[in-house]
Amino acid sequence: MSLNSTVIPVAGRGTRFLPATKAQPKEMMPLVDRPLIQYAVEEAVAAGSERIVLVSAPGKESILRHFRRDAELESFLERAGRTQSLAMVRHAGTLATVDAVMQPEPLGVGHAILQASPLVGEGPFGVMFPDDFIVAQVPVLEQLRRVHEQYGGIVIAVERVPHDEIERYGVIDGEQVDGNVVRVSDLVEKPARDRAPSDLAIVGRYILPGEIFRILADTPAGVGGEIQITDAIRAALTGLPCHAVVFEGQRFDCGSKLGFLQATIEVARRHEDLGAEFSRYLEQVSGQGRPA
Ligand code: UTP
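Residues numbered from 1 in each chain as written. Predicted model: local features only at pLDDT ≥ 70, side-chain atom pairs only at ≥ 80, totals over all residues. Heavy atoms only, no water.

1. Digging into the packing of helix H3 (residues 71-79) against helix H4 (residues 83-94)
Running from N to C, H3 and H4 point in directions that differ by 160°, and their axes come no closer than 8 Å. The angle between the axes of H3 and H4 places the two elements in the roughly antiparallel class. The interaxial crossing formed by H3 with H4 has left-handed handedness. Touching Leu73, Glu74, Leu77 and Glu78 of H3 are Ser85, Leu86, Val89 and Arg90, all from H4. (Axes fitted to C-alpha atoms, helices over the stretch in contact; angles between N-to-C directions. Helix = DSSP H or I, 4+ residues; strand = E, 2+ residues; numbered from the N terminus. Parallel < 35°, antiparallel > 145°, perpendicular 65-115°, else oblique. Left-handed = near helix turned anticlockwise from the far one by under 90°. Contact = heavy atoms within 4.5 Å.)

Given below as structure tokens:
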């Protein structure tokens, strides 16, 4: 089964990065030289998704523009003989069919996903949150797609997190069925530490069936007054199988400043042009501690 569409919500306010996100979408902040959103779209394409549906907001038009061809810029780079830059600009503009729907107000990620319904239609689709940046040998959405091929229904990505961080996440309860696959029996959004049913936290990758839209439409606001996708999946559990994949890869929470910096270092260390020099710099400054 291939995924027809992948929905990427980008309509949040990005308050943790203010003032950087006052006039610029969080999703356009670069890890070295590619904006966060591009890594997400590349991962969706690697999982065979032919079409990306961005759930966007007023003022975030630059995200969609990033994935359109720019004839003027391309011809300038061509004339200037800047072949490498030209290839990168063309790559972004031809990566996938990227469409956008609007979420007029950030009422939660569940509400954001619901806005994509007219473009997604009936079949199973992927969902990715671009601020969960994951370095993996097999792209995580592809890891989920393979599990979906076997089990159908709902498939979500989970990660073991330390006990004192669990209250920041949606958390699953369930039983291991196969290697890194857990059959989910319950989910709870941001539980108190002593109420968390496991240490398996949901991260921003899902495969959802078309039926989820009907359920989302009836899902009331939950934690934080937002319409939560976790609540809709919980409501779907009576009729649909749900499996969680303890994915292979290293995740960085790029919605937080520390996670974003760590991801930047990781991408820079691996970067084709910069990697060697940057790694030397890291060696040089490591052990120096914090500047006075
Ligand atoms: P986050 O909760 O991490 O993003 O949502 P945020 O709300 O923008 O960040 P802070 O907490 O204020 O700093 C995860 C993803 O879901 C999108 C965000 O844009 C981000 O890509 N999102 C969130 C929506 O599209 N709509 C919403 O109502 C909320």
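2. Points about the pattern of salt bridges
As enumerated under the stated definition, the model contains 19 salt bridges in all. The partner of Glu42 in a salt bridge is Arg34, and the shortest N-O contact between them spans 2.4 Å. The residue Glu78 makes a salt bridge to Arg90 at a minimum N-O spacing of 3.9 Å. On the criterion of sequence distance, the pair formed by Glu78 in helix H3 and Arg90 in helix H4 is long-range, its members being 12 residues apart. Among the charged side chains, a salt-bridge network with shared partners connects Arg69, Glu74, Glu78 and Arg90. (Salt bridge = Lys/Arg side-chain N within 4 Å of Asp/Glu carboxyl O.)

3. Topic: the site of the ligand
Not every one of the 18 residues close to the ligand is listed here, only the nearest: Ala11, Thr15, Glu27, Gln103 and Gly108. Between the ligand and the protein, one listed contact pairs an oxygen atom with a backbone N or O atom of Pro9 at 2.8 Å. In the model, an oxygen atom of the ligand is placed 2.8 Å from a nitrogen or oxygen of the Ala11 main chain. For the ligand, whose free accessible area comes to 570 Å², the fraction covered by protein is 84%. (Near = heavy atom within 4 Å. Polar contact = N/O pair within 3.5 Å; in protein donor to acceptor, adjacent residues only side chain to side chain. Areas by Shrake-Rupley, 256 points an atom, 1.4 Å probe, with all protein chains shown as cover.)

4. Considering the side chain of Glu142
Examined against the element boundaries, Glu142 turns out to sit in helix H7 (residues 140-151). For Glu142, the contacting residues outside a window of four places in its chain are Ala46 and Ala47.

5. Section: the pairing of strand E9 (residues 170-178)
Regular strands place side chains that alternate from one sheet face to the opposite one. Of the strand pairs in this sheet, E9 and strand E10 (residues 181-189) are connected by eight bridges, and their pairing is antiparallel. Across the sheet, residue Val171 finds its bridge partner in E10, namely Val188. In sequence, E9 turns back onto E10 through a hairpin of two residues, with Gly179 there showing a positive phi of about 50°. (Pairing = 2+ DSSP bridges.)

6. Observations regarding the environment of Arg290
Within the secondary structure layout, Arg290 lies in the segment after helix H11 (275-285). A sequence separation of 263 residues divides Arg290 from Glu27, and the C-alpha atoms of the two residues are 29 Å apart.

7. Details of the pairing of strand E1 (residues 5-9)
Taken across its five residues, E1 has five buried, putting it largely inside the fold. Here E1 shows no split at all, with Ser5, Val7 and Pro9 on one side and Thr6 and Ile8 on the other all buried. Of the pairings in the sheet, the one linking E1 to strand E4 (residues 51-56) comprises five bridges and is parallel in character. The residue of E4 that forms the bridge with Val7 is Val53. Where E1 meets strand E6 (residues 125-128), two bridges bridge the pair, whose relative direction is parallel. Residue pairing for E6: Thr6 is matched across the bridge by Gly126. (Buried < 20%, exposed > 50% of the residue type's maximum accessible area, 1.4 Å probe, protein only.)

8. Quick look at the nonpolar core
Counting 35 residues, the largest nonpolar core has Ile156, Ile172 and Ile233 as the members making the most contacts within it. Beyond its immediate chain neighbours, meaning those up to four positions away, Ile172 contacts Ile156, Val158, Val182, Val184, Asp186, Leu187, Pro197, Ser198, Leu200, Ile202 and Ala244. Core analysis: the next-biggest nonpolar cluster, separate from the first, contains 29 residues, Ile8, Ala40, Phe67 and Ile134 among them. (Core = buried A, V, L, I, M, F, W, Y, C linked by side-chain atoms within 4.5 Å.)

9. Details of the packing of helix H10 (residues 257-270) against H11
Contact pair H10 / H11: the axes reach a minimum separation of 6 Å and the direction vectors enclose 125°. The angle between H10 and H11 falls in the class oblique. Contact residues: Ile265, Ala268 and Arg269 in H10; Gly275, Phe278, Ser279 and Leu282 in H11. A breakdown of the residues in the contact of H10 with H11 according to their chemical character gives four nonpolar, two polar and one charged. (Nonpolar A, V, L, I, M, F, W, Y, C, P; charged D, E, K, R; others polar.)

10. A few points about the environment of Gly204
For Gly204, the location among the structural elements is in strand E11 (residues 200-208). Sequence separation of Gly204 and Glu167 is 37 residues, and the distance between their C-alpha atoms is 16 Å. Ignoring any residue separated from it by four or fewer positions in sequence, one finds Gly204 in contact with Val127, Met128, Phe129 and Asp132.

11. Thoughts on the environment of His163
Relative to the helices and strands, His163 is located in the loop between strand E8 (154-160) and E9. When the C-alpha atoms of His163 and Asp199 are compared, they prove to be 6.6 Å apart, with 36 residues separating the residues in sequence.

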